[in-house]
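As a plain string of letters, each chain reads:
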Amino acid sequence: MTKQEDTSGMHVWLVLWKAFKALETLDKRSISQLGLGGISDFAILEVLYHKGPTPINAIGKTIQLTSGSITAAVDRAEKRGLVERQWDPEDRRVIHAALTAEGKTTIRSALKKHATELEAVAKGLSKAERSQLLKLLKKLGYHAAALC
(Lines give C-alpha, C1' and ligand atoms only; values in the text may rest on other atoms or scores of the structure.)
Protein backbone atom coordinates (compact mmCIF):
# COMPACT_ATOMS: atom_id res chain seq x y z
CA MET A 1 0.00 0.00 0.00
CA THR A 2 1.43 3.39 -1.03
CA LYS A 3 1.30 6.18 1.53
CA GLN A 4 -0.54 9.22 0.14
CA GLU A 5 1.44 12.47 0.16
CA ASP A 6 0.17 15.10 2.60
CA THR A 7 -0.66 18.17 0.50
CA SER A 8 -2.66 20.00 3.18
CA GLY A 9 -2.14 23.71 3.73
CA MET A 10 -0.63 22.93 7.13
CA HIS A 11 1.95 20.58 5.61
CA VAL A 12 2.78 23.02 2.81
CA TRP A 13 3.42 25.70 5.44
CA LEU A 14 5.55 23.34 7.57
CA VAL A 15 7.76 22.28 4.64
CA LEU A 16 8.11 25.88 3.44
CA TRP A 17 8.99 27.05 6.97
CA LYS A 18 11.62 24.33 7.47
CA ALA A 19 13.19 25.07 4.08
CA PHE A 20 13.22 28.79 4.90
CA LYS A 21 14.87 28.21 8.29
CA ALA A 22 17.61 26.07 6.69
CA LEU A 23 18.24 28.69 3.99
CA GLU A 24 18.17 31.48 6.56
CA THR A 25 20.82 29.71 8.65
CA LEU A 26 23.09 29.38 5.61
CA ASP A 27 22.45 33.00 4.62
CA LYS A 28 23.30 34.30 8.11
CA ARG A 29 26.49 32.22 8.21
CA SER A 30 27.55 33.52 4.81
CA ILE A 31 26.89 37.13 5.79
CA SER A 32 28.69 36.80 9.13
CA GLN A 33 31.80 35.53 7.30
CA LEU A 34 31.94 38.69 5.19
CA GLY A 35 33.17 40.77 8.12
CA LEU A 36 30.62 43.54 7.68
CA GLY A 37 28.93 43.13 11.04
CA GLY A 38 25.47 41.67 11.36
CA ILE A 39 22.73 41.11 8.85
CA SER A 40 21.30 44.61 9.30
CA ASP A 41 24.70 46.17 8.50
CA PHE A 42 24.96 44.06 5.35
CA ALA A 43 21.36 44.84 4.40
CA ILE A 44 21.92 48.60 4.62
CA LEU A 45 24.91 48.41 2.31
CA GLU A 46 22.99 46.18 -0.09
CA VAL A 47 20.03 48.58 -0.24
CA LEU A 48 22.30 51.53 -0.87
CA TYR A 49 24.25 49.63 -3.52
CA HIS A 50 21.10 48.81 -5.48
CA LYS A 51 19.04 51.98 -4.84
CA GLY A 52 21.64 54.68 -4.37
CA PRO A 53 21.31 57.39 -1.72
CA THR A 54 18.16 56.64 0.28
CA PRO A 55 16.40 58.37 3.19
CA ILE A 56 17.48 56.61 6.38
CA ASN A 57 13.89 56.00 7.51
CA ALA A 58 13.09 54.40 4.13
CA ILE A 59 16.03 52.01 4.53
CA GLY A 60 14.66 51.03 7.94
CA LYS A 61 11.25 50.27 6.46
CA THR A 62 12.80 48.28 3.60
CA ILE A 63 14.85 46.04 5.87
CA GLN A 64 12.35 46.10 8.73
CA LEU A 65 14.38 47.88 11.39
CA THR A 66 13.05 50.32 13.97
CA SER A 67 14.18 53.94 13.74
CA GLY A 68 16.60 53.43 16.65
CA SER A 69 18.09 50.28 15.13
CA ILE A 70 18.53 51.81 11.68
CA THR A 71 20.21 54.87 13.17
CA ALA A 72 22.65 52.69 15.14
CA ALA A 73 23.40 50.55 12.07
CA VAL A 74 24.01 53.61 9.87
CA ASP A 75 26.23 55.05 12.63
CA ARG A 76 28.32 51.83 12.59
CA ALA A 77 28.66 51.92 8.79
CA GLU A 78 29.55 55.61 8.89
CA LYS A 79 32.26 55.03 11.54
CA ARG A 80 33.77 52.34 9.28
CA GLY A 81 33.86 54.82 6.38
CA LEU A 82 31.35 52.83 4.30
CA VAL A 83 28.42 55.26 4.44
CA GLU A 84 27.96 59.00 4.68
CA ARG A 85 24.92 61.06 5.60
CA GLN A 86 23.62 63.61 3.09
CA TRP A 87 20.89 66.16 3.63
CA ASP A 88 18.11 66.21 1.05
CA PRO A 89 18.53 69.45 -0.96
CA GLU A 90 14.74 69.87 -1.24
CA ASP A 91 13.80 69.01 2.34
CA ARG A 92 16.50 69.58 4.95
CA ARG A 93 14.53 67.47 7.46
CA VAL A 94 15.31 64.36 5.41
CA ILE A 95 18.70 62.71 5.76
CA HIS A 96 19.90 60.23 3.17
CA ALA A 97 22.52 57.55 3.62
CA ALA A 98 24.89 57.05 0.70
CA LEU A 99 27.75 54.67 0.07
CA THR A 100 31.24 56.10 0.07
CA ALA A 101 33.71 54.93 -2.56
CA GLU A 102 35.08 52.46 0.01
CA GLY A 103 31.53 51.34 0.80
CA LYS A 104 30.81 50.63 -2.87
CA THR A 105 33.98 48.57 -3.24
CA THR A 106 33.30 46.70 -0.01
CA ILE A 107 29.69 45.78 -0.75
CA ARG A 108 30.43 44.89 -4.38
CA SER A 109 33.04 42.37 -3.21
CA ALA A 110 30.78 41.09 -0.40
CA LEU A 111 27.82 40.62 -2.75
CA LYS A 112 29.98 38.63 -5.15
CA LYS A 113 31.08 36.28 -2.35
CA HIS A 114 27.54 36.04 -0.94
CA ALA A 115 26.06 35.30 -4.37
CA THR A 116 28.55 32.44 -4.79
CA GLU A 117 27.43 30.97 -1.45
CA LEU A 118 23.75 31.24 -2.37
CA GLU A 119 24.38 29.74 -5.79
CA ALA A 120 25.96 26.71 -4.11
CA VAL A 121 22.73 26.25 -2.13
CA ALA A 122 20.52 26.69 -5.20
CA LYS A 123 22.49 24.06 -7.11
CA GLY A 124 20.27 21.54 -5.35
CA LEU A 125 17.70 22.41 -8.04
CA SER A 126 17.97 22.37 -11.81
CA LYS A 127 17.32 25.58 -13.74
CA ALA A 128 13.86 24.29 -14.70
CA GLU A 129 13.10 23.40 -11.07
CA ARG A 130 14.22 26.86 -9.92
CA SER A 131 11.95 28.48 -12.49
CA GLN A 132 9.02 26.32 -11.42
CA LEU A 133 9.70 27.02 -7.74
CA LEU A 134 9.79 30.77 -8.33
CA LYS A 135 6.49 30.71 -10.21
CA LEU A 136 4.81 28.62 -7.52
CA LEU A 137 6.13 30.73 -4.63
CA LYS A 138 4.97 33.92 -6.33
CA LYS A 139 1.55 32.40 -6.98
CA LEU A 140 1.27 31.27 -3.35
CA GLY A 141 2.48 34.64 -2.05
CA TYR A 142 0.05 36.66 -4.18
CA HIS A 143 -2.83 34.44 -3.10
CA ALA A 144 -1.86 34.77 0.57
CA ALA A 145 -1.56 38.56 0.20
CA ALA A 146 -5.02 38.72 -1.33
CA LEU A 147 -6.43 36.98 1.75
CA CYS A 148 -4.82 39.48 4.15
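The residue numbering used here restarts from 1 in each chain and proceeds along that chain's sequence as written. Given that the model is predicted, a residue must reach a pLDDT of at least 70 before its local features are reported, and side-chain atom pairs must reach 80 or more before they are shown or counted; all residues, however, enter totals for whole chains, interfaces and linings. Side-chain figures throughout are based on the complete set of non-hydrogen atoms in the structure, without hydrogens or water.

**What to know about the side chain of H96**
Stage number 1. Only DSSP runs of H or I with at least four residues qualify as helices, and only runs of E with at least two residues qualify as strands; both kinds are numbered from the N terminus onward. Positionally, H96 belongs in strand β3 (residues 95-99).
Stage number 2. When accessible area is computed with a 1.4 Å probe and restricted to protein chains, residues below 20% of their type maximum are described as buried, those above 50% as exposed, and intermediate ones as partly exposed. A relative accessible area of 14% means that H96 is categorised as buried.
Stage number 3. Residue contacts are counted whenever heavy atoms from the two residues lie within 4.5 Å of one another. The residues touching H96, leaving out its near neighbours within four places in the chain, are P53, T54, P55, I56, E84, R85, Q86 and D88.

**Some points on the pattern of salt bridges**
As a working rule, side chains carrying opposite charge can pair if their charged atoms are close by.
Stage number 1. We define a salt bridge as a side-chain nitrogen of Lys or Arg found within 4 Å of a carboxyl oxygen belonging to Asp or Glu. One pass over the structure, following the stated rule, counts seven salt bridges.
Stage number 2. Two residues, D91 and R93, come together in a salt bridge whose shortest N-O distance is 2.9 Å.
Stage number 3. Where R130 meets E119, a salt bridge forms, and the shortest distance between an N and an O atom there is 2.7 Å. Taken as a pair, R130 in helix α6 (residues 127-147) and E119 in helix α5 (residues 101-122) lie far apart in primary sequence, 11 residues in all.
Stage number 4. Residue E119 is classed as partly exposed on the basis of its relative accessible area of 35%.
Stage number 5. The network of salt bridges with shared partners includes K21, E24 and K28.

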